[in-house]
Amino acid sequence: MTDHNVHEQGEHDHAGHMNGGHGAAHNHANHSSHGDHDHGGGHSGHEHHDHGDMVKDFKKRFYISLIVTIPILILSPMIQGFIGVDWQFPYDQYILFVLATFIFFYGGWPFITGAVSELKDKNPGMMTLIGLAILVAYVYSSLTVFGLEGSDFFWELATLIDIMLLGHWIEMRSVMGASNALEELVKLMPSEAHKLDEHGNVQDVKVSELKSEDRVLVKPGEKIPVDGIIMDGNSAIDESMLTGESVPVEKENGDEVIGGSINKEGSLTLKVDKIGEDSYLSQVITLVQEAQESRSRTQDITNKAAKWLFYVALASGFITLFIWLALGYAFDVALERMVTVMVITCPHALGLAAPLVVAVSTSLSAKHGLLIRNRSNFEGARNLDAVVFDKTGTLTEGEFGITNIVPNQGYEEQEVLNWAASLEQHSEHPIATGIVKSARDEGISLKEIADFESITGKGIQGSIDNKKVNVVSPGYVNENGLSYDQKQFDKMSEQGKTVVFVLLDDAIAGMIALADIVRETAKEAIATLKKNGVHSIMLTGDNMKVANWVAKQLDIDEVYAEVLPDQKSDQVKKIMKDKEWKVAMTGDGINDAPALATADLGIAIGAGTDVAMETADVVLVKSNPKDVVSLIDLSKKTYRKMVQNLWWAAGYNILAIPLAAGVLAPIGIVLSPAVGAVLMSLSTIIVAINAKLLKA
């Protein structure tokens, strides 16, 4: 199909530069093949519906535990000895026991239940390590209150619980709640529709009450309430958020429309076609749901460190007990050594090592316009092999701009633009908007217009300065046998541009070519990614000509065009699988939501839909593709800081465990629990300072 013929549909006909009209975009209904997802694990991290409640819960537990810790510290014989006072009184140990029991069960409960579920999964981690330390400290200290020889560790138990609650609270607060994408998708659909009865009377009804074959009226500017077929009227329909199609699509009798798209111009009467689960939006919801469910739970680096420390704690504890017993010491002395080792192995610093870095990196990223929603996937950004970019609205502005003005002999470019913009100033059409904006940007003052009228399917005309002015499609020009530079026209059409003709008194004054404007920042982003060895790939629902033209401007090597919305996530999966790459997906539309949820890292452009933002792991608030580079960079720096902090925290252990076990006992050096506490505090302070040194 040549571009001239295609250009004959539609008012200026910009359906022309899309795979021969819109037919292709309607196969989206037939995607029952998306059922084979792996349903392993839920959202990484905590389940999304109670995320806010959990943050509040940890905050409350932290503050209450902190208040109860103060009397515990005052009543602790070990702390009193450490600061050289004696505030003991009868039964003070029982008060201490009651307070510690409260903290153990109230403050420590999340860790005990967390440890139980980790052990059930045969995968000990941070919760098991904390659980072990507080359980050993509590049981042993309680025994010392009721007769066992030895010192209690209640102060150690309380401070450990406080710091771990603080760490978890900071961590959870700095990571936004997991996805509410599905609620956002549902919100996109209008809740009411103008139903027409058999006499043509309008009645407002709930969308859920509509049945197949019902007739519905959609006024200009309204959202289309259901998937349907146009019975009467024609209009330009903005489907960009749903299908990624960059240009509003001209629709007329017999054409299908998608629920959730926006009716730009004329009034339409629709026959309801698909409702409920069969509708396009419902199918996208299913895809997002499946992609989110199949995302495996990423185990973060702290958990791996905690897992090893758990085994180290158990092994060191029992080895210490047996060696001290073998050396002929009394059981209570050996037991105290064992408990000291096991409690000290759970470093407070480890609980704060990651959360503090996360908090700093989250606030740094927010300053740079990056909103991190899923921390573990953000941390994985440092290992990305490829970034897949959606075209419309991500690499491009998502709106028309003039790329070429070709004046006929005797006319200047500015002159052609002035006539066209003056005529187009009263039209709501996206092409009109693009032409008028370009004229205003160049400071051209527009002329007065009279007798403005639209020529159905061909363009518009009016009278300006007593001249008849037209802006028309190639179809109109061909029908009227007007000659023009065919070679230049073909070249522009080949690049997927929409070409309109400006006529003065029925003679061609020039051609104007328009296209979706490429973002300058996208060029810089792709160049930098290339330099860093990260591949850039374009994935778009738009046609191949447009995609190749944009790719050429941006120097992108790999392009997948004419990809239907429900195939985008499959394409991302294919890239991940075939090349064994870690892949990020960057997009802004509803059509990108399943792909964002499928990729290793989903990046939403902030100016896009709420749905894309809710499905993504990171949101680029400034809608600047260059922020993808900043994001990868920040991820690398954050990871580096985390590793440093974990080494500090673990380094404390490497030093403290042998000392607590009594390696230096033969030369009279035994690490008293009080000195252990000082070491522990120092380690925590170093970790906190190091986290603060993170710079973007």
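What you see is a predicted model, and the numbers here were worked out from it, not measured in a lab.

Undergrad: Please give an account of the nonpolar core that cites residues and values.
TA: Within the largest apolar cluster, 100 residues are counted, with the highest numbers of intra-cluster contacts made by Phe154 and Leu157. Examining the composition of this core, we find that 12 residues originate from one element, helix α6 (residues 126-145), more than from any other. Every residue in contact with Leu157, bar those within four places of it in the chain, is listed here: Ala100, Phe104, Ile134, Ala137 and Tyr138. Residues Ala420, Val500, Ala509 and Ile512 belong to the second largest nonpolar core, which totals 24 residues.

Undergrad: How would you summarise the pairing of strand β9 (residues 268-274) if you had to cite specific residues and measurements?
TA: Along β9, five of the seven residues are buried, which leaves the element largely enclosed by surrounding structure. By the bridge criterion, four bridges tie strand β3 (residues 215-218) to β9 in an arrangement that is antiparallel. Its bridge partner lying in β9, Val216 is registered against Leu270. Relative to β9, strand β4 (residues 227-232) runs antiparallel, the two sharing five bridges. Note on β9: the bridge partner recorded for Ile229 is Lys271.

Undergrad: Report on unusual backbone geometry, specifying residues and quantitative values.
TA: For residues that are not glycine, phi is negative in most cases, and the peptide bond is trans in most cases. A positive phi is found at Tyr91, a non-glycine position, where the angle reads about 65°. Tracing the chain through its elements places Tyr91 in the loop between α3 (77-83) and α4 (92-106).

Undergrad: Residue-level account of α4, with values.
TA: Taking 1.5 Å per residue as the helical rise, α4 with its 15 residues ought to reach 21 Å, and the 21 Å between its terminal C-alpha atoms agrees with that figure. Those residues of α4 lying buried are Asp92, Gln93, Leu96, Phe97, Ala100, Thr101, Ile103, Phe104 and Tyr106.

Undergrad: Lay out the sheet that holds strand β19 (residues 558-560) with the relevant residues and their values.
TA: Spatially, seven strands are ordered β10-β22-β21-β20-β11-β18-β19 in an open sheet, and the strand pairing comes out mixed. The open sheet has two edge strands, β10 (370-372) and β19, and neither has a second partner. Each strand of the sheet is rotated relative to its neighbour by a mean of 20°, with strand direction disregarded. Where strand β11 (residues 386-390) and strand β18 (residues 535-539) come together, five bridges link them in parallel fashion. Residue pairing in the sheet places Asp390 in a bridge with Leu539 of β18.

Undergrad: Tell me about the sheet that holds strand β8 (residues 262-263), and please be specific about residues and values.
TA: Strands sit in the order β6-β5-β8 across an open sheet of three strands; the sheet is antiparallel. A strand with exactly one partner marks an edge of an open sheet, and here the two such strands are β6 (249-251) and β8. Two strands pair when backbone bridges link them, and strand β5 (residues 235-238) and β6 are joined in this way by three bridges, in the antiparallel orientation. Note that in β6 the partner of Ser235 across the bridge is Lys251.

Undergrad: Quick one: what's the story with the pattern of salt bridges, residue by residue and with numbers?
TA: Applying the stated criterion across every chain, the model contains 19 salt bridges. Note that Asp516 and Lys391 form a salt bridge whose closest N and O atoms lie 3.6 Å from each other. Taken together, the residues span a long stretch of sequence, with Asp516 in strand β17 (residues 507-518) and Lys391 in helix α15 (residues 391-395) at a distance of 125 residues. Lys468 is paired through a salt bridge with Asp506; the nearest N and O atoms lie 2.9 Å apart. Residue Lys468 is located in strand β15 (residues 467-472), and its partner Asp506 is located in the loop between β16 (498-504) and β17; the two are separated by 38 residues in the primary sequence.

Undergrad: Any details on the UniProt feature "transmembrane region" (unreviewed entry) in the chain? Residues and values, ideally.
TA: Taking the numbering used here, the UniProt-annotated feature "transmembrane region" (unreviewed entry) corresponds to residues 62-83, 95-116, 128-147, 153-170, 308-327, 339-366, 646-669 and 675-694. Note that residues 95-116 is 91% helix and 0% strand, and that its end C-alpha atoms are spaced 29 Å apart. Taken end to end, residues 308-327 comprises 95% helix and 0% strand; its first and last C-alpha atoms sit 28 Å apart.

Reading the values: rules and limits
- Residues numbered from 1 in each chain as written.
- Predicted model: local features only at pLDDT ≥ 70, side-chain atom pairs only at ≥ 80, totals over all residues.
- Heavy atoms only, no water.
- Core = buried A, V, L, I, M, F, W, Y, C linked by side-chain atoms within 4.5 Å.
- Buried < 20%, exposed > 50% of the residue type's maximum accessible area, 1.4 Å probe, protein only.
- Helix = DSSP H or I, 4+ residues; strand = E, 2+ residues; numbered from the N terminus.
- Contact = heavy atoms within 4.5 Å.
- Pairing = 2+ DSSP bridges.
- Expected span 1.5 Å × (residues − 1).
- Axes fitted to C-alpha atoms, helices over the stretch in contact; angles between N-to-C directions.
- Salt bridge = Lys/Arg side-chain N within 4 Å of Asp/Glu carboxyl O.
- UniProt positions renumbered as here; feature names shortened; annotations may be inferred.

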